[in-house]
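Here is how the chains run, residue by residue.
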Amino acid sequence: MADSEAPIRYAKRGAASEEIHPAMTICDMIYAAKEKHGDKIALRVERVKEEKTGKMVTVPIKKVDGRFDASALPDGEWQEWTYKEYVERSEAASRALMHLGVEQFGTVGIYGFNSPEWFISLISTTLCGAKSAGIYPSDLVENVVFKLKHSKASVCILEDEKKLAKLQPQKDSEGKEFNPMDDLPELKTVVTWAASPDCPKKLDSKNGEVKIINWTEFLDLGKEVKEEDFKTRQAKIKPGHCCALIYTSGTTGRPKAVMMSHDNVTFEAANIIDSIRSSGIGSGGQERVVSYLPLSHVAGMMVDILAPIYLSARTHGYATVSFARPYDLKYSTIKDRLIAVKPTLFVGVPRVWEKIADKIKAKAKNNSAFAKSIASWAKPILLRHTKGFNLSQQPENPSMLWAANIIAKKVKAALGLTELKFGFTAAAPIQKETLEYYGSLGILVNEVYGMSECTGATTISLDEVHEWGSCGFAAPGCEVKILREAKDGKYEECPRAKDMFNATEEEQGEICFRGRHIMMGYLANPDFKDDGGQEWTKKKNESAIDEEGWLHSGDKGCMDTLGMIKITGRYKELIIGAGGENVAPVPVEGNVKLLQPAVANIMMVGDKKPFNVALVTLKVVGATGEDPGTNKLDTFAKIVEGVETIEQAIDSKEFTDLIWKAIDGTNKNPQVCPKGASKIQRFTILPVDFSVNGGELTSTLKTRRSVVAKKYAAAIEKLYGKDVSRETKYVNCFGKGVKI
């Protein structure tokens with residue numbers, strides 16, 4: 001239950017023990033940070049005064065010579081909040097929430113792009129003993145309403161009119177009018193932090209009127225609550241109480257609400273920061289973070305909000321968080337923020353690291369012959385050096401490394417990563433070749449692994465302890481085992497893999513975690529009869545955490561003799577063909593993308609079928625993950641002269657032959673296709689890329705395989721058509737000259 005106090009799962013000794021990390025609340029942590037570094041800058045954001053309203057707004061993007069220009073403002077022109085101001089604003093907001101009727105254990109929904117107000121909203125919610133429920137900026141109306149209703153949020157703090165529109169009367173996909181507010185009887189107040197003065201002042205519904213107030217009005221309400229009442233409320237907060245709900249991405253159904261306790265998140269923040277201290281993080285002075293990943297995701301909440309607070313409260317340094325602009329990922333201008341901030345700690349999901357790499361490669365194509373020759377000389381030297389850091393390799397210091405490092409420094413400067421101490425990737429598998437590419441630039445990208453249910457990272461890789469292709473080792477204080485169900489129904493540990501890259505079936509099982517970072521459980525709403533209700537949630541909790549406290553990840557993997565862990569598949573994604581053999585699609589799909597950069601997304605299909613087929617999308621101009629983009633091929637997809645659009649690619653034999661070449665090359669690679677059942681025998685090109693708005697991707701950009709299969713059921717049927725000859729590798733399922 002969200003209003004219960006979970007026991008602290010102390011270990012007898014080590015990082016998870018009471019001696020090393022005594023239980024504390026977020027309140028304890030933020031006040032300690034203020035006490036140590038009250039005058040230091042905690043948060044900073046770029047905003048300019050809008051002429052029409054005088055309001056401070058996001059810096060508008062410019063277009064110069066056909067290119068987007070999002071150059072950063074000079075340092076002195078950023079809006080800044082010290083730790084003292086951060087806490088004071090959070091206290092004012094917390095008292096305002098109490099005035100608006102938010103009770104202890106109540107819920108506040110937070111909806112919008114990363115901003116100081118998002119941070120303050122989360123901290124203020126915890127300061128009054130309530131819990132936050134983050135909503136992805138890209139969430140569709142259905143998910144926005146579900147999360148607010150399921151969590152019983154009485155207040156929703158959102159960004160602007162665009163977000164507010166999700167709660168206003170509108171038409172559904174069939175053209176029928178509906179009012180989302182009719183489904184939200186618990187919601188009493190909406191607060192906006194970046195809306196214009198023309199923003200509506202209320203929302204009407206069958207449940208009555210809901211007031212809309214702006215950020216300034218909201219903070220002023222805090223004056224109505226006595227300091228004594230505020231402190232009394234705070235005194236009731238315990239480390240075992242729920243402080244946040246993280247909704248899962250919902251790849252196979254409704255999102256589940258992961259309940260996190262104060263101890264879950266403060267222990268996780270402490271453990272991760274302490275684990276990476278060897279990189280120099282927290283050794284003294286300022287550490288810098290760029291906030292751009294969704295804060296409703298566990299990685300965004302932990303890395304951007306809570307880890308910097310712990311770092312400032314409990315290490316020799318302090319952290320300053322600078323915010324990206326809302327359009328930075330869409331227009332690929334995130335590098336402008338990196339160059340301005342020079343982060344010392346940076347996390348990127350694989351898609352971000354890959355996009356940055358694509359930009360470097362595209363720019364390198366226009367370099368002079370001399371510059372290309374210098375890069376060709378330096379990159380192998382740098383790669384030999386960085387490869388030597390892998391556990392399976394011997395350290396190397398090639399001759400002329402000093403000269404190659406000079407070249408690398410210029411590349412890092414162009415990326416804004418000259419002062420990076422620890423760079424890492426999380427949230428999805430990353431190609432080993434991507435890590436090698438950055439290694440050839442002298443940049444080590446470390447892979448960590450976890451999930452919402454374990455408060456983020458459970459395994460970690462370090463510059464000095466890693467293996468490319470592995471997601472690392474168990475973080476201190478966290479237990480990890482590879483378990484499989486025995487004949488008697490009990491779980492047994494799998495033997496260690498002698499070679500994790502060629503693990504036997506006996507050495508593979510489900511990756512399971514145990515420790516203080518494991519969630520309280522999934523939240524049930526007794527008003528819900530189906531998904532999200534008590535019976536549904538009970539089943540989900542029982543399948544997630546077993547009687548011995550092991551959280552079952554659903555990921556298939558192995559652990560080698562050194563304790564390094566490798567994910568080999570996901571049980572829910574396994575394709576079970578007509579012959580009964582299990583096939584993990586992700587490694588196969590990833591290898592095709594590696595061999596043919598024109599491929600944006602690829603999804604294998606083959607469940608209960610005689611062979612596998614693939615649905616392929618191409619890289620196009622304007623594709624962001626949230627939006628599918630245009631029909632015009634981008635630089636990496638222009639692999640055939642004269643083929644400029646998806647329509648032309650679909651009709652081009654030369655183009656489809658090149659896609660098949662990558663698929664065939666993957667089929668012949670025994671490391672990703674160890675058996676015939678793993679191979680792709682046929683494919684088609686889809687007329688549009690996957691996207692959140694198209695429904696094919698979750699808000700965390702994971703493929704919703706069941707949705708894609710249903711949406712393109714007719715194309716899949718054609719791929720398996722009896723009239724298609726056995727020799728046919730490409731099937732045009734959308735007709736000649738298809739219109740997008």
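Counting restarts for each chain, with residues numbered from 1 along the sequence as it is written. With pLDDT at 70 or above as the cut-off, local features in this predicted model cover only qualifying residues; side-chain atom pairs require 80 or more to be listed or tallied, and sums for whole chains, interfaces and linings still use all residues. Think of the side-chain values as coming from all heavy atoms in the structure, minus any hydrogens and water.

Observations concerning the packing of aromatic side chains
- Only Phe, Tyr and Trp rings are paired, with Trp represented by its six-membered ring, and only when their centres lie within 6.5 Å; those with planes under 30 degrees apart are stacked, over 60 edge-to-face, the remainder tilted. A complete count under the given rule lists 17 aromatic pairs for this structure.
- With a centroid separation of 4.2 Å and 40 degrees between ring planes, the pair formed by Phe 68 and Tyr 331 is classed as tilted. In this pair, Phe 68 sits in strand β5 (residues 67–69) while Tyr 331 sits in the loop between β18 (317–323) and α10 (334–341), placing the two residues 263 residues apart along the sequence.
- Residue exposure (1.4 Å probe, protein chains only): buried if accessible area is under 20% of the type maximum, exposed if over 50%, otherwise partly exposed. Owing to a relative accessible area of 39%, Phe 68 belongs among the partly exposed residues under this scheme.
- Overall, Tyr 331 belongs to the partly exposed group, its relative accessible area being 28%.
- An aromatic cluster is defined as three or more aromatic residues linked by ring pairs; in this entry it consists of Tyr 292, Phe 346, Trp 353, Tyr 437 and Tyr 438.
- Any Lys NZ or Arg CZ found within 6 Å of a ring centre and within 35 degrees of that ring's normal is scored as a charge over the ring. The positively charged end of Lys 149 is found above the aromatic ring belonging to Phe 528, 5.6 Å away from the centroid. Helix and strand assignments follow DSSP, with helices taken as H or I runs no shorter than four residues and strands as E runs no shorter than two, numbered in order from the N terminus.

Description of the domain arrangement of the protein
- The split of the chain into domains comes from an automatic or database domain assignment. Structurally, the protein comprises domain 1 (26–344), domain 2 (475–573) and domain 3 (575–720).
- Centre-to-centre separation of domain 1 and domain 3, based on C-alpha positions: 36 Å.
- We call two residues in contact when some of their heavy atoms are within 4.5 Å. Across the contact, nine residues belong to domain 1 and twelve residues belong to domain 3.
- Summed over both partners, buried area is the accessible surface (1.4 Å probe) that two parts give up on being assembled. Of the roughly 880 Å² buried between domain 1 and domain 3 on both sides combined, carbon and sulfur atoms contribute 56%.
- What counts as a salt bridge is simple: a side-chain nitrogen of Lys or Arg found within 4 Å of a carboxyl oxygen of Asp or Glu. Run the count over domain 1 and domain 3 and you get zero salt bridges.
- Any N or O atom pair separated by 3.5 Å or less is treated as a polar contact, with the protein-specific requirement of one donor-capable and one acceptor-capable atom, and with residues adjacent in sequence counted only for side-chain atom pairs. Linking domain 1 with domain 3 are two residue pairs in polar contact (both at pLDDT 80 or more), by the criterion used here.
- Class assignment for the residues of the side of domain 1 that touches domain 3 results in two nonpolar, five polar and two charged. Here the term charged refers only to Asp, Glu, Lys and Arg, the term nonpolar to Ala, Val, Leu, Ile, Met, Phe, Trp, Tyr, Cys and Pro, and the term polar to all other amino acids, Gly among them.

A short note on a nonpolar patch on the surface
- Patch membership requires more than 30% relative accessible area and the absence of a salt bridge. Residues of like charge join within 9 Å; the nonpolar side chains Val, Leu, Ile, Met, Phe, Trp and Tyr join within 5 Å. Note on areas: Shrake-Rupley, 1.4 Å probe, and residue coverage restricted to the protein chains presented here. A grouping of Trp 377, Met 400, Trp 402 and Ile 406 is seen on the molecular surface, where their side chains present a nonpolar patch of about 440 Å² in accessible area.
- Tracing the backbone shows Trp 402 in helix α13 (residues 401–415).

Examining the sheet that holds strand β16 (residues 257–261)
- Strands sit in the order β13-β14-β12-β9-β7-β8-β15-β16-β28 across an open sheet of nine strands; the sheet is mixed. Bordering the open sheet on either side are β13 (202–205) and β28 (521–522), each of which pairs with just one other strand.
- One ladder, built from five bridges, connects strand β7 (residues 107–111) with strand β8 (residues 131–135); its direction is parallel. The partner of Ile 110 across the bridge, within β8, is Gly 134. Paired strands are those between which DSSP finds at least two bridges.

A word on the packing of helix α1 (residues 26–37) against helix α9 (residues 298–314)
- Helix axes are fitted to C-alpha atoms over the stretch in contact, other axes to C-alpha atoms as well, and angles between N-to-C directions run from 0 to 180 degrees. It is the contact of α1 with α9, at a shortest axis distance of 7 Å, that shows an interaxial angle of 50 degrees. With respect to α9, the element α1 is oriented oblique. Handedness of the crossing formed by α1 with α9: left-handed. Seen from α1, the contacting residues are Ile 26, Met 29, Ile 30, Ala 32, Ala 33, Lys 36 and His 37; seen from α9, they are Leu 306, Ile 309, Tyr 310, Ser 312, Ala 313 and Arg 314.
- A per-class count over the contact of α1 with α9 returns nine nonpolar, two polar and two charged. Comment on the angle field: the value is read as roughly parallel under 35 degrees, roughly antiparallel over 145, roughly perpendicular from 65 to 115, and oblique elsewhere. Each crossing gets its handedness from the near helix: less than a right angle anticlockwise from the far helix is left-handed, clockwise is right-handed.

Side note on the nonpolar core
- Side-chain atoms within 4.5 Å are what join buried Ala, Val, Leu, Ile, Met, Phe, Trp, Tyr and Cys residues into a set we call a nonpolar core. By size, the foremost hydrophobic cluster in this structure holds 133 residues, and its most contacted members are Tyr 86, Phe 218 and Ile 305.
- Taken domain by domain, the makeup of this core includes at least three residues from each of domain 1 (26–344) and domain 2 (475–573).
- What Phe 218 contacts, discounting residues up to four positions off in sequence, is Ala 93, Ala 96, Leu 97, Leu 100, Ile 157, Val 191 and Ile 213.
- Within the second largest apolar cluster, 31 residues are counted, among which are Ala 598, Val 616, Ile 650 and Tyr 730.

Some points on the pairing of strand β20 (residues 422–425)
- Alternating positions in β20 separate into two faces, Phe 422 and Phe 424 on one and Gly 423 and Thr 425 on the other, with burial throughout.
- Bridging between strand β19 (residues 345–348) and β20 involves four bridges; their strand directions are parallel. Paired with Leu 345 across the bridge in β20 is Phe 422.
- Pairing geometry for β20 and strand β21 (residues 445–447), over three bridges, is parallel. The residue of β21 that forms the bridge with Gly 423 is Val 445.
- In this region the chain leaves β20, passes through helix α14 (residues 432–439) and returns to the parallel neighbour β21; the handedness of that crossover is right-handed. When the strands point away from the viewer and the path from the first strand over the helix to the second turns clockwise, the crossover is right-handed.

Focus: the sheet that holds strand β35 (residues 680–685)
- Judged by pairing direction, the sheet is mixed, and its three strands sit side by side in the order β33-β34-β35 without closing on themselves. The open sheet terminates on both sides in strands that have one partner only, identified here as β33 (599–605) and β35. Taken over all neighbouring pairs, the strand axes of this sheet differ in orientation by 25 degrees on average, direction set aside.
- Pairing between strand β34 (residues 612–618) and β35: five bridges, direction parallel. Counted as the bridge partner of Val 613 is Arg 682 from β35.

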